[in-house]
Amino acid sequence: MSEPDLIICGGGIAGLTAALCAVKAGLTPLVIERAEALSEVGAGLQVGANAMKVMAGLGLDDAVTAAGHTPRHLEMRDGPSGRTIFSVPAGEAGRRRWGALHVNIRRAALQQVLAAALKARAPEALRLGIEAVDYSLNPDGVTLHLADGSQMQAPAVLGADGIHSALRHRFGSGESPNYTGHTALRALVPASAELRALVPDASIAWTGPKRHAVTYYLHGRDLINFVGVVEQSEPVPEGWHTTASLEKARDAFAGFAAPVRAILEEASQARRWGLYDRPPPSRLARGPIALIGDAAAPMPPFMAQGASFAMECAWAAIWSLKATGDFTAYEQAMAVRGGRILEAARRNGRFFHGSGLAALAGYAPVRLASTLAPGRIRQRFDWIYGHDVTHGKKIK
Ligand SMILES: Cc1cc2nc3c(=O)[nH]c(=O)nc-3n(C[C@H](O)[C@H](O)[C@H](O)COP(=O)(O)OP(=O)(O)OC[C@H]3O[C@@H](n4cnc5c(N)ncnc54)[C@H](O)[C@@H]3O)c2cc1C
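Per-chain numbering applies: the sequence of each chain, read as written, is numbered from 1 onward. Local features are withheld for residues below a pLDDT of 70 in this predicted model, meaning they are given only at 70 or higher, and side-chain atom pairs are given and counted only at 80 or more; totals for whole chains, interfaces and linings count all residues. Note that the side-chain values use all heavy atoms of the structure and ignore hydrogens as well as water.

**With respect to the pairing of strand β11 (residues 156-159)**
Stage number 1. Per-residue accessibility, obtained with a 1.4 Å probe over protein chains only, is compared with the maximum for each type, and a residue is labelled buried under 20%, exposed over 50%, and partly exposed between these values. Counting from the N terminus, the helices are the DSSP runs of H or I reaching at least four residues and the strands are the DSSP runs of E reaching at least two. Because side chains alternate across β11, one face comprises the buried residues Ala156 and Leu158, and the other comprises Val157 and Gly159, equally buried.
Stage number 2. Strand pairing is assigned whenever DSSP identifies at least 2 bridges connecting the two strands. Judged from the four bridges that link them, strand β1 (residues 6-9) and β11 form a sheet pairing that is parallel. Within the sheet, the bridge partner assigned to Ile7 lies in β11 and is Val157.
Stage number 3. Two elements, β11 and strand β19 (residues 289-291), share three bridges in a ladder whose sense is parallel. Considered in β19, the bridge of Val157 is made with Ile289.

Below, the structure written as structure tokens:
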């Protein structure tokens, strides 16, 4: 392999997307990933229309759509009664409004689409089992310091190493991730004929007191993704490896409407995933090095935008590097947007967990607006899904 123009630290959604953008830009990227294999585990992700425009820019929108499922609606429902608070058309209507489809897909399937495309376009661009621990700047670019004591050198580096990023401590924030007091219970459930008849074909946030659930179909409606977020003070580790008690999960959502209960009845296992928050670093870029994805803007999943924003970051960072030679323009473009999505996610977290009068006061106006002026509800999503990071930022 020739010397890389760019080393990308981390082979998750952000890192693989950035590598594909770099290849499109005519650069030679090298992705280093600390894991020995790209993990096959993971639950579902919603890839918003904003991120599907990045996939289209890379020629991968059809592959992602084929590996996932396009819901007919995006909805919020009152968890206990099942009553619809609002319902926004997705599918073709969403494509017409936002310029791309909204696709729900298993994280592993998305990673596989990205990794396969990278292997086909730049066969030597991914190296597994290499961990970065720090970096330093030098007159020719960046020196990466690796866990085995060796070093790597490149004119530019992207830190795509997730919420626990080893590289971000030099970006103006030393704060560690904090447990948010929320734990996600995640399950993938085969969609039996009975479930298909009961569970609407929509991405649904079911609100409730001190808890909410998110449900949607995956993989051509073969599977249902369940995420139940409960308030729990005792911290739970992140990751796909902590088993949850199905009995406790069913108890937590026993007061919810029939579709939610039925999904949990059919689940054969569930995992617990502690949700962590970390203040964004004060800078996203320092000359020839920048942070993208969760390393740049870790956010709670209440806007379902972490991976989507990671893809936007990847595009904007490579465009900036190619067009200007560094990541200053990337930082200018993405810092404000990342902050806005983070704020919206935190607001949703509070809104989803309403109860009693406060919930009524919060949901009633939305329900009314949804009935009287549905266009106004759709409009609320325009800034997020209608955004096109590839527009005016051509990578060639
Ligand atoms: C319950 C839940 C539901 C979610 N739902 C959605 C959703 O619907 N839609 C959405 O868009 N997002 C969602 N997200 C968020 C989304 O999963 C993340 O934002 C996204 O995966 C971040 O991607 P990333 O590539 O930045 O980081 P990661 O996926 O964390 O990848 C980082 C990679 O870097 C590697 N790495 C780490 N440190 C090093 C190192 N020092 N050296 C080398 N390699 C390293 C890691 O092994 C990993 O492969 C959800 C998250 C949760 C918890």
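**What to know about helix α4 (residues 91-98)**
Stage number 1. Restricting attention to buried positions, one finds in α4 the residues Gly91, Gly94 and Trp98. Angular distribution of buried residues about the axis of α4 spans 40°; they occupy a single face of the element.
Stage number 2. Contacts from the buried residues of α4 go to α2 (49-57), β4 (73-78), β5 (84-89), α12 (374-379) and α13 (382-385). This arc describes the spread of directions from the helix axis toward the C-beta atoms. We call two residues in contact whenever any of their non-hydrogen atoms come within 4.5 Å of each other.

**Points about the packing of helix α1 (residues 13-24) against helix α5 (residues 107-121)**
Stage number 1. For helices, the fitted line uses only the C-alpha atoms of the stretch in contact; every axis is such a line through C-alpha atoms, and the angle between N-to-C directions lies from 0 to 180 degrees. Viewed as axis vectors pointing N to C, α1 and α5 meet at an angle of 30°, and their least axial separation amounts to 10 Å. For the element pair α1 / α5, the angle class is roughly parallel. Regarding α1 and α5, the two cross each other, and that crossing is left-handed. Across the interface between the two elements, Ile13, Leu16, Thr17, Ala19, Leu20 and Val23 of α1 pack against Arg107, Leu110, Gln111, Leu114, Ala115, Ala117, Leu118 and Arg121 of α5.
Stage number 2. Among the residues forming the contact of α1 with α5, the class breakdown is ten nonpolar, two polar and two charged. Note on terminology: angles under 35 degrees are roughly parallel, angles over 145 are roughly antiparallel, angles of 65 to 115 are roughly perpendicular, and the others are oblique. Handedness of a crossing is defined here by the sense of rotation of the near helix relative to the far one, left-handed for an anticlockwise turn of less than a right angle and right-handed for a clockwise turn. Residues are sorted three ways: Asp, Glu, Lys and Arg are charged, Ala, Val, Leu, Ile, Met, Phe, Trp, Tyr, Cys and Pro are nonpolar, and all the rest, Gly among them, are polar.

**A few points about the side chain of Asn50**
Stage number 1. Tracing the backbone through its elements, the reader meets Asn50 in helix α2.
Stage number 2. Of the residues examined, Asn50 reaches a relative accessible area of 0% and is grouped as buried.
Stage number 3. Side chain to side chain, Asn50 and Glu312 meet in a polar contact 2.8 Å long.
Stage number 4. Dropping the residues within four chain positions of it, Asn50 is found in contact with Gln305, Ser308, Glu312, Arg337, Ile384, Tyr385 and His387. For the purposes of these results, a polar contact is taken to be a pair of N or O atoms within 3.5 Å, where, inside protein, one atom must be able to donate a hydrogen and its partner to accept one; residues adjacent in sequence count only when each atom of the pair is a side-chain atom.

**Here's the deal with the site of the ligand**
Stage number 1. Taken together, 31 residues lie around the ligand, and Glu33, Gln46, Ala132, Asp294 and Ala307 are the ones closest in.
Stage number 2. Ile13 is positioned such that a nitrogen or oxygen atom in its backbone is 3.2 Å from an oxygen atom of the ligand.
Stage number 3. Residue Gln46 places a main-chain N or O atom 2.8 Å away from an oxygen atom belonging to the ligand.
Stage number 4. Of all the secondary structure elements, the ones that give two or more residues to the shell around the ligand are α1, β2 (29-33), β3 (44-47), β12 (178-190), β17 (270-277) and α9 (306-324). Near is defined per residue: the residue qualifies when any heavy atom it owns lies within 4 Å of the molecule or strand.

**Regarding the sheet that holds strand β14 (residues 211-218)**
Within a sheet, adjacent strands bond to each other through the backbone by hydrogen bonds, running parallel or antiparallel.
Stage number 1. Across the sheet, which stays open at both edges, the eight strands sit in the order β5-β4-β13-β14-β15-β12-β17-β16 with mixed pairing between neighbours. The two strands at the open ends of the sheet, each matched to only one other strand, are β5 and β16 (242-244). Geometrically, the sheet is characterised by an average inter-axis angle of 25° between neighbouring strands, direction not taken into account.
Stage number 2. Relative to strand β15 (residues 223-231), β12 is paired through nine bridges, and the arrangement is antiparallel. Counterpart to Ala187 in the pairing with β15 is Phe226.
Stage number 3. Across the sheet, helix α8 (residues 258-266) is in contact with β12, β13 (202-207), β14 and β15; its angle to β15 comes to roughly 105°.

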